[in-house]
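Report on the structure
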Amino acid sequence: AYGAEQNCYESFPPFAIAVLVAHFMGGAQLTIDILAGLYIFSRLMFVVFYLQGRGTLRSVTWMVGLIATISLFFVG
C-alpha cells in the first residue's frame, strides 16, 4: 500500500501541470474533463491492482494514466 501511495504522489504533479496547461491553452472543457476523469479512474484502478498483486493490469492502468496526462498537453 505504501508503494502505491508513493507512486500516486509521484504522478500527481505532471497531471496537475497538464491540466493547467490545457486550461491556459484554451482546450475544450469537455475534453479536459474526460481526460482528467480517465486519469483519476486509472489511478484508482492502479492502487486496486497494486494491492492485489496484479502486475500486468497495474502496468496497463499506469500507462493509461500516463497517456491521459500527455494528452492533456495537446488538448489546446
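The coordinates are above.
Quick caveat: nothing in here was measured; it's all calculated off a predicted structure.

Looking at helix α2 (residues 29-52)
Helical geometry: 3.6 residues make up each α-helical turn, so side chains three or four residues apart lie on a common side. The terminal C-alpha atoms of α2, which comprises 24 residues, lie 35 Å apart, in line with the 34 Å expected from a rise of 1.5 Å per residue. Of the positions making up α2, those classed as buried are Ile32, Leu35, Ala36, Tyr39, Ser42, Arg43, Phe46 and Phe49. Looking at the packing, one finds that the buried side of α2 touches α1 (2-24) and α3 (55-73). Looking one or two residues beyond α2, the residue adopting positive phi is Gly53, at roughly 75°.

A closer look at the packing of aromatic side chains
Per the stated rule, a full pass over the model turns up three aromatic pairs. Summarising the aromatic geometry, the rings of Phe12 and Phe15 are spaced 6.2 Å apart at their centres and angled 55° between planes, so their arrangement reads as tilted. Linking Phe12 with Phe15, this pair stays in helix α1, spanning three residues, or about one helical turn. For Phe12, a relative accessible area of 47% corresponds to the partly exposed category. Relative accessible area serves as the criterion here: at 8%, Phe15 is assigned to the buried category. A ring pair is formed by Phe46 and Tyr50, whose centres lie 5.7 Å apart and whose planes are at 50°; its orientation type is tilted. Residue Phe46 and its partner Tyr50 are located together in helix α2, separated by four residues, close to a single helical turn. Judged by its relative accessible area of 4%, Phe46 falls in the buried class. For Tyr50, a relative accessible area of 28% corresponds to the partly exposed category. Put simply, the rings of Phe12, Phe15 and Tyr39 touch in pairs and so form one group of aromatic residues. We note Arg43 situated over the ring of Phe46; from NZ or CZ to the ring centre the distance is 4.5 Å.

The rules we used
Residues numbered from 1 in each chain as written. Predicted model: local features only at pLDDT ≥ 70, side-chain atom pairs only at ≥ 80, totals over all residues. Heavy atoms only, no water. Helix = DSSP H or I, 4+ residues; strand = E, 2+ residues; numbered from the N terminus. Expected span 1.5 Å × (residues − 1). Buried < 20%, exposed > 50% of the residue type's maximum accessible area, 1.4 Å probe, protein only. Contact = heavy atoms within 4.5 Å. Phe/Tyr/Trp six-rings, centres within 6.5 Å; stacked < 30°, edge-to-face > 60°. Lys NZ or Arg CZ within 6 Å of the ring centre and 35° of its normal.

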